[in-house]
Amino acid sequence: MNNKMMIAIVCFLIVVCLSVGIGMNVKSSDSEEETNSISNTETVSSVDDGAASSNSINEETESNASAKGTSSTEKTETNSKKAEEATKNSTKSEGSSAKKTEAKQTSVKATQKTSAKTEAGTEKTEKATQAQIQVMFSVNCEKAADYGADYPKYLISKTKCSVKKGTTVFDLLSEECRKKGLAVVHQNKSYIVSIGGLAEKDCGGSSGWMYKVNGVKLMMSASKYVLKDGDIVEWYYVTSPAD
């Protein structure tokens, strides 16, 4: 082969190589652009997805926060209502307790008053009992019966009597005869004219009524002798000075 032909072949090869190189560069550039495009698309998509996800998370957070806030508010209102009810119940309980306490105090005061009245009554009864004395009393007309008068031996048989301190023999005679329905006629409470219809001188000129205390004939007005506890008083009818 001659030189010209060799040069032409070399030139051809060079052109072919250049063509091939340029094509490869173009393809590489296209590939890079496609890669960049895909990357940008993915990046944008990722950003959009991230933003959407972030927005969704924010929405969920806000929703949860709102729900929690509402729940917290409801719980607070419920607790407030419970507290108010508890306060009302406590107030009612305190009022009821106060009323019960007042009722108990009133009952205690009433009991104390009743007890005081009972004690006062007991004291009065005791004082009244202490002021009473016990004596024996009788009205004997045995001598008149022996004389022939139509009377029993005793108008009042021996009787135990409770009388107040300060009672006299005359007081005792008047009270016991009143209980038996026997009339007593006297002169100024110092001289007894008749007892139960049996009068002086009905059984002789020396007959009449006298009294004894503890078996002793007393020559004093019946209204002057004050009885003592345990005294034995006897009114008796005489028919002669010797009786």
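Residues numbered from 1 in each chain as written. Predicted model: local features only at pLDDT ≥ 70, side-chain atom pairs only at ≥ 80, totals over all residues. Heavy atoms only, no water.

How should I be thinking about the side chain of Ser207 in this particular structure?
Take Ser207: it is sitting in the loop between β5 (198-199) and β6 (208-213). Of the polar contacts made by the side chain of Ser207, one reaches the backbone nitrogen of Asp202; its length is 3.3 Å. Polar side-chain contacts of Ser207 include one of 2.6 Å to the backbone oxygen of Gly204. For Ser207, the residues in contact, after removing those within four places along its chain, are Glu200, Lys201, Asp202, Tyr237, Val238 and Thr239. (Helix = DSSP H or I, 4+ residues; strand = E, 2+ residues; numbered from the N terminus. Polar contact = N/O pair within 3.5 Å; in protein donor to acceptor, adjacent residues only side chain to side chain. Contact = heavy atoms within 4.5 Å.)

How do you make sense of the environment of Lys160 when you look at a structure like this?
Structurally, Lys160 is set in strand β2 (residues 154-164). Looking at Lys160, the relative accessible area reads 61%, which means it is exposed. Expressed as a C-alpha distance, the spacing of Lys160 and Gly230, which sit 70 residues apart in the sequence, is 9.5 Å. Excluding anything up to four places from it in sequence, Lys160 contacts Gln134, Val135 and Met136. (Buried < 20%, exposed > 50% of the residue type's maximum accessible area, 1.4 Å probe, protein only.)

For this particular structure, what's the right way to read the nonpolar core?
One broad trend across soluble globular proteins is that nonpolar side chains are buried collectively. Ranked by size, the top nonpolar core spans 29 residues in total, and within it Phe137, Val139, Val169, Ile195, Trp209, Leu227 and Trp235 carry the most contacts. In terms of residue count, helix α3 (residues 169-180) provides more of this core than any other element does, 5 residues in total. (Core = buried A, V, L, I, M, F, W, Y, C linked by side-chain atoms within 4.5 Å.)

Please clarify how the sheet that holds strand β3 (residues 184-187) should be interpreted in this entry.
Strands in a sheet are paired, the pairing made by backbone hydrogen bonds, and the direction either parallel or antiparallel. Read from one edge of the open sheet, 3 strands run β3-β4-β5, paired in antiparallel fashion. Bordering the open sheet on either side are β3 and β5, each of which pairs with just one other strand. Packing against the sheet, α3 makes contact with β3 and β4 (191-195), and its axis sits at approximately 15° to β4. (Pairing = 2+ DSSP bridges. Axes fitted to C-alpha atoms, helices over the stretch in contact; angles between N-to-C directions.)

Any chance you could explain the layout of surface pockets here in plain terms?
In this approach the atoms are scanned with a rolling probe the size of a water molecule, which exposes any empty space left behind. Taken as a whole, the largest pocket encloses approximately 240 Å³ of empty space. If you trace the largest pocket, you find 17 residues lining it, with Ser190, Tyr191, Trp209, Met210 and Tyr211 closest to the centre. Within the residue set of the lining of the largest pocket, elements represented by two or more residues are β4, β6 and β8 (232-238). Here the lining of the largest pocket gets 4 residues from one element, more than from any other, and that element is β6. Of the residues in the lining of the largest pocket, the class split is 11 nonpolar, 5 polar and 1 charged. (1 Å grid on protein atoms, 1.4 Å probe; cavity = no way out; pocket = protein on both sides within 12 Å on 5 of 7 lines; lining within 4 Å. Points joined across faces, edges and corners; volume = space filled by probe spheres on them. Nonpolar A, V, L, I, M, F, W, Y, C, P; charged D, E, K, R; others polar.)

Just checking my understanding: could you explain the packing of aromatic side chains for this structure?
One pair of aromatic rings is described through two measures. These are the centre distance and the angle between the planes. Applying the stated criterion to the full structure yields 2 aromatic pairs. Considering the side-chain rings of Trp209 and Tyr237, the 5.1 Å spacing of their centres and the 70° angle between planes classify their relative orientation as edge-to-face. One end of the pair, Trp209, is in strand β6; the other, Tyr237, is in strand β8, and 28 residues separate them in sequence. In this pair, the class of Trp209 matches that of Tyr237, namely buried. Ring geometry for Tyr211 against Trp235: centres 5.2 Å apart, planes inclined by 40°, an arrangement best described as tilted. A residue pair is termed long-range when its members are at least 10 positions apart, and Tyr211 in strand β6 and Trp235 in strand β8 qualify at 24 residues. Across the pair, Trp235 and Tyr211 agree in class, each one buried. For Lys212, the ring lying beneath its charged end belongs to Tyr236, and the centroid distance is 4.9 Å. (Phe/Tyr/Trp six-rings, centres within 6.5 Å; stacked < 30°, edge-to-face > 60°. Lys NZ or Arg CZ within 6 Å of the ring centre and 35° of its normal.)

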